[in-house]
Amino acid sequence: MAEERMYHYPVWVRLWHWLNAIFFIVLLITGISMQYSNPERALMVPFEKAVEFHNLAGVLLSINYIFFVFGNLFTTNGKYYRMPRKGFFKRLMEQSQFYLFGMFQKKNPPFPLSQEEKFNPLQKIIYHLTMYWGFPIIIITGLSLFFPEIIIPKLFGVSGIFLTALLHVIVGFFLSLFLFIHIYVCTIGVNIAANFKSMITGWH
């Protein structure tokens, strides 16, 4: 029996998604270059260029994030990020067991994609934490470092700029980890390219 084709990714979601990926990858590469390079020796991107492109990509990512928030507020896409509390932990455990064991035993997923649910419980909580906690923190800390005069000079005797930069790097690390896991999980489909194709055509 042929599988049902579902239109899950409208044009604005696909546009936001690919722009978000491009800006974040630029931030990742330039961020690593800034962290481990110096003005005399470049790691991947020359230091001054890394700073320039990092700032530009950060501003563009922030604008793109506002686009995402308003898109979820005024379209039905926002419903996919809502987490019903009743029975959520049980569903989360079922999905985790599938990823750990069931997937390799060729079992059917406990929460298949549908018109009502675009994300399974584990995806939902990870995407919610990423988009509504991780991104706001990295954007706010990034903008604060861009305008350091707005940062509290000291907090508990420690430099406010240092704490802001530390939080920025820590959240950036976890968001980078999410990116690599996200790419891997996207290869788990009908075939290795199916989910990537869905984000191009909109059809799953």
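Residue numbers restart at each chain and count upward from 1, following the sequence in its written direction. It should be noted that, the model being predicted, local features are given only for residues of pLDDT at least 70 and side-chain atom pairs only at 80 or more, the latter also being counted only at that level, while totals for whole chains, interfaces and linings use all residues. In computing side-chain values, all of the structure's heavy atoms are included and hydrogens and water are not.

J.: Looking at this structure, how should I read the overall build of the chain?
T.: Every helix listed is a DSSP run of H or I at least four residues long, and every strand listed is a run of E at least two residues long, numbered separately from the N terminus. Counting its regular elements, the chain contains six helices and two strands. Each principal axis of the C-alpha atoms in the chain carries an extent, and together these give about 60 × 35 × 35 Å. A burial count over the chain gives 34% of its 204 residues as buried. Any two residues whose heavy atoms approach within 4.5 Å are treated as being in contact. Restricting to contacts in the chain with at least 6 residues of sequence separation, those with at least 24 account for 66%. A simple rule labels every residue: compare its accessible area, found with a 1.4 Å probe on the protein chains alone, to the largest value its type can have, and call it buried under 20%, exposed over 50%, or partly exposed in between.

J.: Help me understand the layout of surface pockets, please; the structure alone is not making it clear to me.
T.: A probe as big as a water molecule, rolled over the atoms, marks out the empty space that is left. The volume enclosed by the second largest pocket comes to roughly 810 Å³. Grid spacing is 1 Å over the protein atoms alone, the probe is 1.4 Å, and a cavity is where that probe fits but cannot get out, while a pocket is an open set with protein on both sides within 12 Å along at least five of seven lines and lining residues have an atom within 4 Å of a point. Taken together, 28 residues make up the lining of the second largest pocket; nearest its centre are Leu 27, Gly 31, His 54, His 168 and Val 169. Those elements giving two or more residues to the lining of the second largest pocket turn out to be helix H1 (11-36), helix H2 (47-74), helix H4 (121-146) and helix H5 (160-186). Here the residues of the lining of the second largest pocket are counted per class, giving 18 nonpolar, 10 polar and no charged. Grid points are joined across faces, edges and corners, and a volume is the space filled by probe spheres set on the points. Any residue that is not Ala, Val, Leu, Ile, Met, Phe, Trp, Tyr, Cys, Pro, Asp, Glu, Lys or Arg is counted as polar, Gly included; the first ten are nonpolar and the last four charged.

J.: Sorry, what's going on with H1 here?
T.: Counting along an α-helix, one turn takes 3.6 residues, and residues three or four places apart therefore face a common direction. In this model, H1 (26 residues) spans 38 Å end to end at C-alpha, consistent with the 38 Å of a helix rising 1.5 Å per residue. Taken together, the buried positions of H1 are occupied by Trp 12, Val 13, Arg 14, Trp 16, His 17, Asn 20, Phe 23, Phe 24, Leu 27, Leu 28, Thr 30 and Ser 33. Buried residues in H1 make contact with H2, H4, H5 and helix H6 (194-201). How far a helix is expected to stretch is found by multiplying one less than its residue total by 1.5 Å.

J.: How do you make sense of the pattern of salt bridges when you look at a structure like this?
T.: Should their charged atoms come close, side chains of opposite charge can pair. The working definition used for a salt bridge is a side-chain nitrogen of Lys or Arg within 4 Å of a carboxyl oxygen of Asp or Glu. One pass over the full model with this rule turns up three salt bridges. Notably, a salt bridge pairs Glu 52 with Lys 49, separated by 3.9 Å at the nearest N-O pair. Taken as a pair, Glu 52 and Lys 49 lie in helix H2 at a separation of three residues, close to a single helical turn. Across the salt bridge formed by Lys 90 and Glu 94, the nearest N and O atoms sit 3.2 Å from each other.

J.: Even after reading the chapter, I still don't get the confidence of the model for the chain, so can you show me in this structure?
T.: Low-confidence regions, as indicated by low pLDDT, have predicted coordinates that should not be scrutinised in detail. pLDDT runs from 0 to 100 and stands for how confident the predictor is about each residue. For the chain, the mean per-residue pLDDT works out to 90, and 98% of the residues sit at or above 70. Across the chain, H2 holds the top mean pLDDT of 95, while strand E1 (residues 154-155) sits lowest at 80.

J.: Help me understand the side chain of Asn 120 in this model?
T.: With respect to the helices, strands and loops of the structure, Asn 120 is situated in the loop between helix H3 (88-100) and H4. When near neighbours in sequence (up to four residues on either side) are disregarded, Asn 120 contacts Gln 95, Tyr 99 and Phe 111.

J.: Just to check I follow, could you spell out the packing of aromatic side chains for this structure?
T.: Pairing of aromatic side chains requires ring centres within 6.5 Å, counting the rings of Phe and Tyr and the six-membered ring of Trp. Pairs whose planes differ by under 30 degrees are stacked, by over 60 edge-to-face, and all others tilted. Using the criterion set out here, one finds 17 aromatic pairs in the structure. Measuring from centroid to centroid gives 5.8 Å for Tyr 81 and Tyr 132, while their planes differ by 85°, and the two rings are edge-to-face. Placement of Tyr 81 in the loop between H2 and H3 and of Tyr 132 in helix H4 is noted, with a sequence separation of 51 residues between them. Look at Tyr 132 and you get partly exposed, because its relative accessible area is 28%. A connected cluster of aromatic rings, assembled from ring pairs, spans Trp 16, Phe 24, Tyr 65, Phe 68, Tyr 80, Tyr 81, Phe 119, Tyr 127, Tyr 132, Phe 135 and Phe 178.

J.: Please explain the packing of H4 against H5 as it appears in this structure.
T.: Helix axes use the C-alpha atoms of the stretch in contact, all axes being lines fitted to C-alpha atoms, and the angles between their N-to-C directions lie in the range 0 to 180 degrees. Running from N to C, H4 and H5 point in directions that differ by 145°, and their axes come no closer than 9 Å. As for how H4 packs across H5, the hand of that crossing is left-handed. From H4, Ile 126, Tyr 127, Thr 130, Gly 134, Phe 135, Ile 137, Ile 138, Thr 141, Gly 142, Ser 144 and Leu 145 reach across to H5, where they touch Ile 161, Thr 164, Ala 165, Leu 167, His 168, Val 171, Gly 172, Leu 175, Phe 178 and His 182. Its residues assigned to classes, the contact of H4 with H5 comprises 12 nonpolar, nine polar and no charged. Crossing handedness follows the turn of the near helix against the far one: under a right angle anticlockwise gives a left-handed crossing, and clockwise gives a right-handed one.

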